Amino acid sequence: FSAAANASTTQRSGTLTIGGQTLTVTQAAAGCTYSINPTSQSIVAAGGTGSSTVTTLAGCAWTGVSNNTSWLTVTSGASGNGPGTVAFSAAANASTTQRSGTLTIGGQTLTVTQAGAPCTYAISPTSQTVGASAANGSTTVTAIQAVKRAHSPGATLAASAFSYFCSASSKGQNTVRMKMPSDA
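None of the values given here were measured: they were computed from a predicted structure.

Turning to its location among the elements, Asn6 is positioned in the segment before strand E1 (12-18). Note on Asn6: relative accessible area 11%, which makes it buried. A polar atom in the side chain of Asn6 sits 3.0 Å from the backbone oxygen of Thr10.

Here you go:
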């Protein structure tokens, strides 16, 4: 005789009658294995949601837990039996640095990568008056969020200094000194 593979998580039995005699065959249950899809996701700095599908046999229990509970939370599917879905939410990232966290789902790892917050600026004062001849002036530039921002085409020297304010080497506030050349 031959027995087909048991794809169930339950042991099964069957009988054969041979020459009036009964042979009982008991087959072990299949073991539970788990896979998730996708295994990684990206989230914007403002926060957002995502999910991952769990593939396993009916009768196989699993859990979905966050390993970074301060900002990454399981919102549904924290446990299941058989195939299912785990949904999560990521809080806004106020830091300028990209961050990564993980969820463990049925023993598998889902990696969530979240972008850093964009850099914005404030200047004070916002206007100055200078005479017709060459003059010097200054303004304070404060990085509201501190992350490097790409330079746009035609950016001025002062604008390129903004990315410094948003770098790890600066702490968010600096003075930009300007020299206004005469129109001679």
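As a further point, take the environment of Leu72. With respect to the element layout, Leu72 can be found in strand E7 (residues 72-76). For the pair formed by Leu72 and Gly48, sequence separation is 24 residues and the distance between their alpha carbons is 9.9 Å. Once you skip the residues sitting within four places of it in the chain, Leu72 turns out to touch Ser66, Phe88, Ser89, Ala90, Gly101, Thr102, Leu103 and Val112.

Taken in spatial order, the 4 strands make up an open sheet running E3-E5-E9-E7, and their pairing is antiparallel. Lying at the two open borders of the sheet, with one neighbouring strand each, are strand E3 (35-37) and E7. Here the average twist between neighbouring strands, direction ignored, is 35°.

All right, on to the nonpolar core then. Counting 13 residues, the largest nonpolar core has Val54, Leu72, Phe88, Leu103, Ile105, Leu110 and Val112 as the members making the most contacts within it. Those elements that place two or more of their residues in this core are strand E9 (84-90), strand E10 (99-105) and strand E11 (108-114). Residues in contact with Val54, not counting those within four places in the same chain, are Tyr34, Ser35, Ile36, Trp62, Pro83, Gly84, Val86 and Ile105.

About the criteria used
- Residue indices begin from 1 for each chain and proceed along its sequence in written order.
- Side-chain atom pairs in this predicted model are given and counted only at pLDDT of 80 or more, local residue features only at pLDDT of at least 70, and totals for whole chains, interfaces and linings cover all residues.
- Note that the side-chain values use all heavy atoms of the structure and ignore hydrogens as well as water.
- Where helices and strands are cited, they refer to DSSP runs of H or I of at least four residues and of E of at least two residues respectively, numbered from the N terminus.
- A simple rule labels every residue: compare its accessible area, found with a 1.4 Å probe on the protein chains alone, to the largest value its type can have, and call it buried under 20%, exposed over 50%, or partly exposed in between.
- Think of a polar contact as two N or O atoms within 3.5 Å of one another; within protein, one of them needs to be a possible hydrogen donor and the other a possible acceptor, and neighboring residues in sequence only count if both atoms come from side chains.
- We call two residues contacting when some pair of their heavy atoms lies within 4.5 Å.
- When DSSP finds two or more bridges between a pair of strands, those strands are recorded as paired.
- Axis lines are fitted through C-alpha atoms, for helices just across the contact stretch, and the angle between N-to-C directions can take any value from 0 to 180 degrees.
- Among buried residues, those of type Ala, Val, Leu, Ile, Met, Phe, Trp, Tyr and Cys that are joined through side-chain atoms within 4.5 Å constitute a nonpolar core.

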